[in-house]
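Structural features, examined
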Amino acid sequence: MHLYLSHNPRTLYLVTGSHDERKGRPQRALVFRAAEANPAQVIVEFLPKDEVNLTSAVRLTSRVIKGCLGLISVENDTFLAVVSSATEVGNTRPSQPESVAKIHEVLFYCLTSHLWDDFSASQDTLLNPENADALMTREQQHYSQSTTPPVLEHPCMPLTKILSSGSFYYALDPAWDLSSRLPVRLARDRSNAHDIGIFDERFVWNEYIVRSLLNFRERLDPLEREELDKCQFIILAIQGYVGVFTMALPAPPVNGAPVIAILSLISRLGWRRAGTRFNTRGVDDDGNTANFVETETILSTDQHCVSYTQVRGSVPLFWEQQGLQTFGQRIQITRPHASQPAFERHFAHLMEEYGATHPINLLGSKENEAILTSAYAKHLQIAGSIWGDELSITHYDFHNAVRIGGHDSVMRDLCRLEGVNSNMERYGFTMCDASTDSLITEQKGVFRTNCLDCLDRTNFVQDIFSRKALEQYLSLVHREWLQAGALWMHHRELWAENGDALSRIYAGTGALNTSVTRTGKRTLAGVLSDATKSVSRAYINNFQDKAKQVAIDMFLGNMNNQRQVNIFDAIHESVGKALQQRLSEYSTTQSCSIFAGTWNVNGRLPSSESLLPWLFPRDICRPDIFVLGFQEIVQLTAQQIVQPDPEKKRIWEQKVMETLEHRPQRTCDYVLLRSEQLVGTAILVIVRSDLTDVIRNVEGAARKTGLRGMSGNKGGVGVRLDYYDTSFCFLTAHLAAGHSHIEERNADFHTIVKGLHFQKGKTLSSHENIVWLADTNYRIDLDNESVRARSEADDFDSLVAADQLRQAIDNGDAFAGYEEGPMLFRPTYKYDLGTDNYDTSEKMRIPAWTDRILFKGRFDLAVYSRAELKGSDHRPVFALFRSEVRIIDVVKRAALSRLLLENTLSATPGDKLDEKLASLVLPDDYSELPPPSTDDDAWWNRPEHPKGIFPISIAHLLESNAANPFDSEESPFSSSPSSSDEELYSHAMGLQSPLTPVRKPPPPPPRSRYTDV
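Report follows, based on the coordinates. (Residues numbered from 1 in each chain as written. Predicted model: local features only at pLDDT ≥ 70, side-chain atom pairs only at ≥ 80, totals over all residues. Heavy atoms only, no water.)

1. As for unusual backbone geometry
Inclusion rule: For the purposes of this entry, the term helix denotes a DSSP run of H or I that reaches at least four residues, the term strand denotes a run of E that reaches at least two, and both are numbered from the N terminus. Burial here depends on accessible area, computed with a 1.4 Å probe over protein chains only, as a share of the maximum for the residue type. Under 20% is buried, over 50% is exposed, and the range in between is partly exposed.
Look at the link from D173 to P174: it is a cis peptide, with omega at 0°. By the element assignment, P174 lies in the loop between β9 (168-171) and α5 (182-187). The step from Y829 to K830 runs through a cis peptide bond, and the omega angle for that step is 0°. Within the element layout of this structure, K830 appears in the loop between α25 (804-811) and β30 (851-856). Despite not being glycine, N291 has its phi angle at roughly 50°, a positive value. Relative to the elements of secondary structure, N291 occurs in the loop between β11 (259-269) and β12 (293-300). Backbone geometry at D794 places phi at a positive 55°, although glycine is not the residue there. Tracing the sequence through the fold places D794 in the loop between α23 (784-792) and α24 (796-801). The partly exposed category is assigned to D794, whose relative accessible area is 41%.

Printed below as a string of structure tokens:
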């Protein structure tokens, strides 16, 4: 197919060419143009080729276009992504042609502007790494609200670099589902075998940018939809690795002709927690893990097709690696007491998809890896009560085994481990008849392997498991192939290439230990190559991957300020607006209470003084969330600024948690959800233990402001979270000191606001509710004697009038739009330690309200005061808020969306659609499921089906079904429908039973992030 451009209006045409027609594809055109009223919308038409006038159009590229990946909005312009170069990898299953192509080049063409017509982000440009890195950096700066990029740089260059890296693949004509493994495809109805709308959402990387085209496809009538699929205008791409080898293997001595066998390896990288090595670790709240890969080994002959599946993924806990990482990697488990719900979601997904699961943990005994191993084992022990024997684990210190016995010892050790050996036999493999696609046996479980990065060690062990599974099959069917050198040589090569491909995606270099995988030996050249790769990884991961992460998030639609391109559809647009206006009908609100406190502890450790007067004042019994900000948690010395001591924070955490644990009238338990530290500034977020399942997407971030952003002696640190469907951000900060340094404090505020970034482009302004709890260091502009006298007299109004922070807010210099409670307590700074006396030292500092709590959002402030703790020269301040969180009922929303859509489609000319939709009421029985049964009433016992008896049509049961592997022309089922029980029994006894029962196909993924209206 070819791509054309015409003007007035600006239109792109994707048109089939003569080579498509020779393949039997329809003569069609897919036409794109931007909607005039809304540039983020695109009008798409699917037309016969002869109805498209191309006389005034120009062909944009001499290359033959392979297909379209989708539409994406970048910097307020809309671009069409097309594959302009791809090569066929091979046919993974000749009996049912399933060919795969590797993408080499993707080009982006603008629908809304002519500025980029003369600039093609092509392969030639990509060959210059300086240009690519510059553009990646510019893209990151753009999403950080930085300066406007140079005009000559194509805005889609970072996306082009990723998509043209040689790590993306798609299925060739005839279309088939490359995203799903063999047993899943075989379990589907044969009529859906070539339906591109059916795929595994976890592995289709362009799902975000192609979603609007898939929705457009669904709205076509069946014949048009079939023609669109035949044209292969729409491409669904996976990322990972696909390798295919064809070989001749010895056959039994019948006619001497060898057997042609095809060995394939398909690795599908998940996108739901996608990213680079140090930027994406662990699990998210939905149970998705970093570097999650499903790898399928396929061996096809003219007799059978054998499939064996394994998965890998990061340790499913909340853990990160922040800051500069060298060869001694520092690991932080960020939510040690709140990981269990996400951990269990992850394994629930695996068990639902693959059956029984056996993790293989290859982490070593070094301090950081040992911490993860210990936490992994603890969480798995708790989860064991849910799944019992279906979930077990093997811990194997890979590095220690290699150090003692070399790489050869790994294979011997793994085969001897009881959990591995027994489950290898128990899980088996999938095998089908090559000619009929009938399942003979199906794999009943999966090994989930991990190391730290899930790259080198993991790939080595998965290679071993893949070989063992093939040996299982060969020992039953082709024992002579167990010693076939060509088979195992190609197998080693595929796994070595697989390791390199996955490593380049996640870490930027090829895998380590590939020389051992390829040859089975450790060579000097391999050692030197591994050393070079390790150094390269350290540089790439620390200095280049952040920009790459931004590009990945942009492609996947994860950026907070990103708009998805929609294809104009008046009906669905009306439904969407009506749905948004009726938010209250499919959502509810729930009250929540939040305690916020701030305290500058002057570098001191907790004393014997109780924290109860601060944390539980005025009989406040059980807030949902505690947010505590500390400043000067360590002494601000040069050594601490360069390398802060985390032990002081841990001691304060322990003191706070002990206070919560031993409080009087205890009615609930609390867990530390997240803590963050920036030198002396630290924040703790503590929540009720029963809320950890509904508080999600918890992230931490910090921004230095000292020495113009280079030093962390001053700065801010924040934690953001989603409580049900409402977002919160909490920040603690320590701003510039000095009575007269007002401008510096204002500048610190703006630096934190602009520079504090969470994942996926989220900033402070992205949140519905924000709370600052900080040592702001703003002072009172009165003389010392006046301030002290008025403080003693509780004359707060006159002090507030001279407060620098209130003046900055009134003038719009800082904290514009924020609120603060009434100042009805004395200044909190500075006291003589352990007394109620303001500073009597030589400096005699003027008392001030340096410690403040400010907020923005939907808050109801109940209490704002200070606590009389004397363990520092500051007094702690606290505030108690009431707020509401919104809970969206996704089932009810979908039901209301369907109701609105049905009534919109049934509208007749003259109907007042807005009034009609506004008058609709969702029935009480909106759920597709029947109401739950009781002792008096069961859903299956109805007048039309008394006592649950449902009549069954015998004719329907006896219909011919070609998918049944036991059907034959002489079958008594077809020749004699009235066969006797004895005849039927005799025939059944003569049938060959499958090796193992066939499990039903797994249900679809639990929830899509998109709701089609």
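2. A word on the pattern of salt bridges
Operational definition: By definition here, a salt bridge exists when the distance from a side-chain nitrogen of Lys or Arg to a carboxyl oxygen of Asp or Glu is within 4 Å.
Overall, the coordinates contain 56 salt bridges when judged by the stated rule. Where D453 meets R277, a salt bridge forms, and the shortest distance between an N and an O atom there is 3.1 Å. Here R277 lies in the loop between β11 and β12 and D453 lies in the loop between β20 (445-450) and α13 (456-477), a separation of 176 residues in the sequence. A relative accessible area of 10% places D453 in the buried class. Salt-bridge contacts for R281 lead to D453; the nearest nitrogen and oxygen are separated by 2.7 Å. On the criterion of sequence distance, the pair formed by R281 in the loop between β11 and β12 and D453 in the loop between β20 and α13 is long-range, its members being 172 residues apart. Among the ionic contacts, a cluster of salt bridges with common partners joins R181, D200, R202, R268, E294, E296 and E353.

3. Some points on helix α14 (residues 485-507)
For clarity, the threshold we go by: One less than the number of residues in a helix, times 1.5 Å, gives the span that helix is expected to have.
Here α14 spans 32 Å end to end across 23 residues, near enough to the 33 Å set by a 1.5 Å rise per residue. Taken from the residues just after α14, G508 is the one with a positive phi, measuring 95°.

4. Thoughts on the nonpolar core
General note: in soluble globular proteins, nonpolar side chains tend to be found buried as a group. Stated precisely, the cut-off is as follows: In these notes, a set of buried Ala, Val, Leu, Ile, Met, Phe, Trp, Tyr and Cys residues joined through side-chain atoms within 4.5 Å is what counts as a nonpolar core. Any two residues whose heavy atoms approach within 4.5 Å at even a single point are treated as in contact.
Judged by nonpolar contacts, the single largest core of 58 residues is most densely connected at V410, F465 and L487. For this core, the element with the most residues is α13, which contributes 8 residues. Contacts of F465, omitting those with residues within four sequence positions, involve Y308, Q310, I360, L414, V420, M424, F447 and T449. Grouped together as the second largest cluster of nonpolar side chains are 43 residues, I594, I695, V771 and F796 included.

5. Quick look at the sheet that holds strand β4 (residues 41-48)
Whenever strands of a sheet pair, they do so through backbone hydrogen bonds, lying parallel or antiparallel. Quick note on the threshold: Strands are labelled as partners when DSSP assigns at least two bridges between them.
Overall, mixed pairing links the 6 strands, which are arranged β5-β1-β2-β3-β4-β21 in an open sheet. For this open sheet the edge positions go to β5 (58-59) and β21 (566-567), each flanked by a neighbour on one side alone. Bridge analysis of strand β3 (residues 28-34) against β4 gives 7 bridges, and the strand direction is antiparallel. Across the sheet, R33 pairs through a bridge with I43, a residue of β4.

6. Observations concerning the packing of aromatic side chains
Inclusion rule: Side-chain rings of Phe, Tyr and Trp (the six-membered ring for Trp) are treated as a pair once their centres are within 6.5 Å; stacked means planes under 30 degrees apart, edge-to-face means over 60, and tilted covers the remaining angles. We call a charge positioned over a ring when the NZ of a Lys or the CZ of an Arg lies within 6 Å of the ring centre and within 35 degrees of the ring normal.
Under the definition given, this model contains 33 aromatic pairs. When the centroid spacing of 6.1 Å and the interplanar angle of 85° are considered together, the rings of F429 and Y473 count as edge-to-face. Linking F429 in the loop between α12 (418-427) and β18 (430-433) with Y473 in helix α13, this pair joins segments that are 44 residues apart in sequence. Of the residues examined, F429 reaches a relative accessible area of 7% and is grouped as buried. Judged by centre distance (5.6 Å) and plane angle (70°), the rings of W599 and W614 are edge-to-face. Taken as a pair, W599 in strand β22 (residues 587-600) and W614 in helix α19 (residues 612-615) lie far apart in primary sequence, 15 residues in all. Exposure remark for W599: the relative accessible area of 3% places this residue in the buried category. Through successive ring pairs, a cluster of aromatic residues spans F595, F616, F626, Y670 and F878. Residue placement shows R272 over the ring face of W271; its charged tip is 5.8 Å from the ring centre.

7. Comments concerning the side chain of S113
Stated precisely, the cut-off is as follows: Contacts described as polar in this section are N or O atom pairs within 3.5 Å, which, within protein, must combine one atom able to donate a hydrogen with one able to accept it, while residues neighboring in sequence count only if both atoms come from side chains.
Tracing the sequence through the fold places S113 in the loop between β8 (99-110) and α2 (123-126). Within the structure, S113 has its side chain in polar contact with the backbone nitrogen of L115 (distance 3.1 Å).

8. Describing the state of the cysteines
Note the threshold: Working definition: a disulfide is two cysteine sulfur atoms within 2.5 Å of each other.
Under the counting rule described, the total for this entry stands at 0 disulfides. Note on C454: no disulfide assigned, nearest cysteine sulfur contributed by C451 at a separation of 5.3 Å. For C454, a relative accessible area of 1% gives the class buried.

9. A look at empty space enclosed by the protein
Let me state the cut-off plainly: The method works on a 1 Å grid over the protein atoms by themselves. A cavity is a set of points holding a 1.4 Å probe that cannot get out, a pocket is an open set with protein on both sides within 12 Å along at least five of seven lines, and residues with an atom within 4 Å of a point line them. Grid points are joined across faces, edges and corners, and a volume is the space filled by probe spheres set on the points. Following the grouping adopted for this structure description, the nonpolar residues are Ala, Val, Leu, Ile, Met, Phe, Trp, Tyr, Cys and Pro, the charged ones are Asp, Glu, Lys and Arg, and the polar ones are all others, Gly among them.
Under the definition given, this model contains 3 cavities of 30 Å³ or more. A volume near 210 Å³ is recorded for the second largest cavity. Around the second largest cavity, the lining comprises 19 residues; the ones closest to its centre are A171, A175, W176, I196 and L236. Residue composition of the lining of the second largest cavity, by class: 13 nonpolar, 3 polar and 3 charged.

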